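Geometric and topological summary
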Amino acid sequence: MSVTASKRFTDPAPQEYELHNHELARRAARDGIVLLKNEDHTLPLAAGCRVALYGMGALHTVKGGTGSGDVNVRATVNICDGMRTAGFTIANEDYLKECEEIYQAKRSEWRDLVWKRFDNKEYPYFFAAYVNTPFMTPACPEIAPCDCDAVFYVISRNAGEGADRTLEKGDYLLSEAEHSDISRLCSLYPSVTLVINSGGIIDLSILDEYPQIKAVLLLSQAGIESGNAFADIVSGRSCPCGKLTDSWPIAVDDHLCMQPKNRECVDNREVYYHEGIYVGYRYFDTFGVPVRYSFGHGLSYTDFSIKTTGIHVSYEPAACVNITLSVFNTGTQYSGREVVQIYATCPLGGLHKENRRLVGFAKTAVIAPRETQELTVSIPFDRFVSYDKCCQVLSMGKYYLWAGNSLSNAHPIGTLTLDSNITIEENKRLWAKFDGVDTLFPDPGQCTALRMSLERYVLMQQLPTVALDAELVAKHLPAPHAAPAEPDLRKRAADIAGKLSVEQLIRTCVGHWAHVEESQLGSAGVSVPGSAGETTDILIPEGVRPMVLADGPAGLRLKPYYFEKDGTLLTGSVEHCFENGYLAREEFNPGGTRCYQYCTAFPIGTLLAQTWDSELLKEVGRAVADEMHVFGVSLWLAPGMNIHRDPLCGRNFEYFSEDPLVSGLAASAITAGVQSVPGCGVTIKHFACNNAEHFRLESNSIVSERALREIYLRGFEIAVKDSQPTAVMTSYNLVNGEHAANSARLCTSILRDEWGFDGLVMTDWGTTGSSRCTPFGCIHAGNDLLMPGCRMECEDLFEALNAGKISHDELVRCAANIIYISLRLVPETEKQAEN
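Residues numbered from 1 in each chain as written. Predicted model: local features only at pLDDT ≥ 70, side-chain atom pairs only at ≥ 80, totals over all residues. Heavy atoms only, no water.

**Observations regarding empty space enclosed by the protein**
- The full count for this structure, using the stated rule, is eleven cavities of 30 Å³ or more.
- Taken as a whole, the largest cavity holds about 160 Å³ of empty space.
- Counted by class, the lining of the largest cavity contains five nonpolar, ten polar and three charged residues. (1 Å grid on protein atoms, 1.4 Å probe; cavity = no way out; pocket = protein on both sides within 12 Å on 5 of 7 lines; lining within 4 Å. Points joined across faces, edges and corners; volume = space filled by probe spheres on them. Nonpolar A, V, L, I, M, F, W, Y, C, P; charged D, E, K, R; others polar.)

Here it is, written out as structure tokens:
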């Protein structure tokens, strides 16, 4: 198949799109870096001072996760190079040189181990050997003192799809070498800054041991410009303004999912979500479990005061509560940005409920010292609802509103009162028999006492109380974002699908595969080397061109280079797709013209969410779409938006938060950015409850309907209704005993019937390899497209059709959905239109 949509770059020099997008990646990174601790004004540093950088991450800063979340880039700016560029003198060059020698030796050993496990047939295909053999950062050489003004120790972690993190030393826990290094540094220097280069939470109990650790900076995994963004923050050129989107516990077993009985659940493949709605801060806050750093926490080099100036309700065009606030920069030296967070304590209404939930937020512009910005946070009323049996309900009673720059710093600002229940939406009961899964409930007396104390506080402080008009609220509920109004295109797609032969229908519903015998994980794409997959090319005579699909959540994962010879693309094998080709045993060079495909590695999803900046995320989405347009990619397999239920989930770095509102709004913003570019679409994933990688094809998430609707589906609902993503990808796991890809409840009843989704539903790659997922079950459920596609899936669909397990109409329906999106994203050429 020839490439017609993408540009070919034969010049190895950076292209204009790279320069622009690298600067955006740097800005996004520094706006999402979180300053967790900063005693004695340790940061920022004085200009040009001497710094000592310790830890392997100073040289090999982890830009992002592995697997489909990887992005092949020219080079990542590490912390050391970023600091040099910013004008700092590195005081311990000999130590870093020795670190490099150790790292390269261990890296080579790791590559050999991946190949050994593949050659010995421990894994059936190379991608599995790769994702199940994570590279562990090696120990550093012995630390010797040096003459310096500031000391940094970088703790790096990596994770990726196919395997979860562990509670072992060197992963969630510090390794013995890391603990020894930090102990040594604290004995040598009075002040040490800890830098966390990790896509997820790690244990920070070492802070309780060593008061010499004066500052802690969560770099996270900041993408291609990691080092420059880090230097921008520590130099004071940029004031930190990121905020956590997860709660960081004090002790390991303070988190429910880390407790031994719940780890056993994961190992048994039957994962019971006994905590129900009490996930993340909803658990810590409601049950009075103290945390090290609260949800929404993040320090600045300056201070802000937040004052509520008004609360009023508007009913048109959609009912919402509008909170006006004044944010004042009380400092005298640094300009900065603040995030205003609004929480609500909802009336119980006969249900158990969390103490507080996030209902809205807004980020200021840069505020100069002693200056003020006025802003308004508008909150639609569907953010206050709870699921009660088969209804989304606004309970009668009092809603106590809180405002602050984190959950722990929020204070009551007023009350909304509602004199009758309002049913926002009636739903079918789809998982009624799983109501008994929830076994964690707060003490009713304490819940009532909290609300009584809030009422006394509101009266004592004379805070405003606003009475809601129940009739007007019910009349003016928010309307979902309309799907693209293209009835002619829909009709044309249906007409084409209705005329296809059975073989054409089945080939349309199964992705295009290039190699019959090889696994297609990671590199099934044909026309764009390194892309994840493509739809069929058999409908080109009908004017329906193939769509090209590409990973991953931090940017496009394509092969960094390929060759063109006599009009044929020569791309190499799957090992060239990851780690910038490092895993390949030898360089791929078949002759011909060498073409380059370098893409931008943006910060990971969690860091992007930590910006709390929807406009910035739209910019990132638009930048990704520009690269999609350059390389001829139709669908981006992102954003990932599962809830951070378990800190050890291997793919948490791809996802946004433990909170569904943050997740939904982040996904909506990125979707809006990508889809503002014609011909580009997103694929939100993984639908649903993909909260662990262990046994991911067989794992069964057992969860109550209320927890599903309030927590695990809520973010997807927000994204679908707000931004109408082009596609949705189902997850590998089962939900309540039914494989997500075979679930009509998820794919049709929830997604299309309740939420009005008008796009394409696809499987994750190789989903039908599960013993509990069938190709015909996908079609029957409304899962339109089987990816990346293989002969076995086609044969299964033929057999199922003949056996009456699926109908011809179901195949036509799925094919029409695929054709409709193809026509939207990949319009036919003028020549094809003439024919």
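**Section: the environment of Ala669**
- By secondary structure assignment, the location of Ala669 is in helix α15 (residues 660-674).
- Ala669 gets classed as buried once you look at its relative accessible area, which sits at 4%.
- If near-sequence neighbours (up to four positions away) are discounted, Ala669 is found in contact with Ser614, Leu617 and Lys618. (Helix = DSSP H or I, 4+ residues; strand = E, 2+ residues; numbered from the N terminus. Buried < 20%, exposed > 50% of the residue type's maximum accessible area, 1.4 Å probe, protein only. Contact = heavy atoms within 4.5 Å.)

**Focus on the sheet that holds strand β11 (residues 320-329)**
- The strand order β10-β11-β14 describes an open sheet built from three strands, whose pairing is antiparallel. Both edges of this open sheet fall to β10 (304-314) and β14 (372-380), since each of them pairs with a single strand only. Here the average twist between neighbouring strands, direction ignored, is 20°.
- Relative to β14, β11 is paired through nine bridges, and the arrangement is antiparallel. Within β14, the residue paired with Leu325 across the bridge is Leu375. (Pairing = 2+ DSSP bridges. Axes fitted to C-alpha atoms, helices over the stretch in contact; angles between N-to-C directions.)

**Here's the deal with the side chain of Asp438**
- If you trace the backbone, Asp438 turns up in the loop between β19 (422-426) and α9 (444-461).
- Nearest to the buried, unbridged Asp438 among oppositely charged side chains is Arg706, at 6.2 Å.
- With sequence-adjacent residues up to four places away left out, Asp438 is seen in contact with Tyr273, His274, Gly276 and Ser704. (Lys, Arg positive; Asp, Glu negative; His and termini not counted. Salt bridge = Lys/Arg side-chain N within 4 Å of Asp/Glu carboxyl O.)

**Regarding the pattern of salt bridges**
- Per the counting criterion, the structure on display carries 50 salt bridges.
- Its salt-bridge partner being Arg645, residue Glu275 comes within 2.6 Å of it at the nearest N-O pair. One end of the pair, Glu275, is in the loop between β8 (270-272) and α8 (281-286); the other, Arg645, is in the loop between β26 (635-636) and α15, and 370 residues separate them in sequence.
- Exposure remark for Glu275: the relative accessible area of 8% places this residue in the buried category.
- Among the residues examined, Arg645 registers a relative accessible area of 6% and is labelled buried.
- Arg696 is paired through a salt bridge with Glu693; the nearest N and O atoms lie 3.0 Å apart.
- Taking the relative accessible area as the measure of exposure, Glu693 reaches 2% and is therefore buried.

**With respect to the pairing of strand β13 (residues 357-363)**
- With seven of seven residues buried, β13 lies mostly within the body of the structure.
- Judged from the six bridges that link them, strand β12 (residues 339-345) and β13 form a sheet pairing that is antiparallel. Each residue of the ladder has a partner; that of Ala344, found in β13, is Arg357.

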